[in-house]
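Geometric and topological summary
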Amino acid sequence: MTMTKADIVERIYEKVGFSLKERLEQGEKVKVSGFGNFVVNEKRPRKGRNPQTGQEIVISGRRVLTFKASQVLKKTMNGGSPPSATGSAT
């Protein structure tokens, strides 16, 4: 089954009772334990080039959403068992 971003946002809202989108729009970091972190980063304006004409342009600053998977998720995806609750490595 393929999930869209909208599906993920809706399911998180159902489970935790707040809007992931609203929290991120406010610039808050959202941590989903055992899954990962969603963080909004600010990108500064920068110089770029139009690939068709070669003309130099200014790329405007913007906010971007990044996701970093937790160690638990990474380990599970790679066929390992998640770390124990005590935090000791095996």
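Look up a bit, the structure's there.
Residues numbered from 1 in each chain as written. Predicted model: local features only at pLDDT ≥ 70, side-chain atom pairs only at ≥ 80, totals over all residues. Heavy atoms only, no water.

**Remarks on the overall build of the protein**
Tallying secondary structure elements over the protein gives three helices and five strands in all. Seen in sequence order, the protein has helices and strands lined up from the N terminus as α-α-β-β-β-β-β-α. A globule of 90 residues ought to have a C-alpha radius of gyration of about 12 Å, yet the protein, at 18 Å, is considerably larger. If you line up the protein on its principal axes, its C-alpha atoms span 55 × 35 × 30 Å. A buried classification covers 14% of the 90 residues belonging to the protein. Sequence-distant contacts in the protein: of pairs separated by 6 or more residues, those separated by 24 or more amount to 34%. Of the accessible surface of the protein, which amounts to about 7600 Å², a share of 52% is contributed by carbon and sulfur atoms. Distance from the positive charge centre (17 side chains) to the negative charge centre (8 side chains) of the protein: 11 Å. (Helix = DSSP H or I, 4+ residues; strand = E, 2+ residues; numbered from the N terminus. Rg over C-alpha atoms; globule rule 2.2 N^0.38 Å. Buried < 20%, exposed > 50% of the residue type's maximum accessible area, 1.4 Å probe, protein only. Contact = heavy atoms within 4.5 Å. Areas by Shrake-Rupley, 256 points an atom, 1.4 Å probe, with all protein chains shown as cover. Lys, Arg positive; Asp, Glu negative; His and termini not counted. Charge placed at Lys NZ, Arg CZ, Asp CG, Glu CD.)

**Describing the packing of aromatic side chains**
If you walk through the whole model with that rule in mind, you get three aromatic pairs. Ring plane angle 35° and centroid distance 6.4 Å describe the contact between phenylalanine 35 and phenylalanine 38, whose orientation is recorded as tilted. Judged by relative accessible area, phenylalanine 38 falls into the buried class, the value being 11%. Measuring from centroid to centroid gives 5.2 Å for phenylalanine 35 and phenylalanine 67, while their planes differ by 45°, and the two rings are tilted. In this pair, phenylalanine 35 is assigned in the loop between β1 (30-32) and β2 (36-43) and phenylalanine 67 in strand β5 (residues 62-69), connecting sequence segments 32 residues apart. An aromatic cluster is defined as three or more aromatic residues linked by ring pairs; in this entry it consists of Phe35, Phe38 and Phe67. (Phe/Tyr/Trp six-rings, centres within 6.5 Å; stacked < 30°, edge-to-face > 60°.)

**With respect to the nonpolar core**
Grouped together as the largest cluster of nonpolar side chains are six residues: Ile12, Leu20, Leu24, Val30, Phe38 and Val40. Residue assignment for this core shows that the elements contributing at least two residues are α2 (20-25) and β2. When sequence neighbours within four positions are dropped, the list of residues in contact with isoleucine 12 reads Gly17 and Leu20. (Core = buried A, V, L, I, M, F, W, Y, C linked by side-chain atoms within 4.5 Å.)

**Considerations on the environment of glutamate 22**
With respect to the helices, strands and loops of the structure, glutamate 22 is situated in helix α2. Among the residues examined, glutamate 22 registers a relative accessible area of 48% and is labelled partly exposed. When the C-alpha positions of glutamate 22 and threonine 66 are compared, they lie 15 Å apart, and in sequence the two are 44 residues distant.

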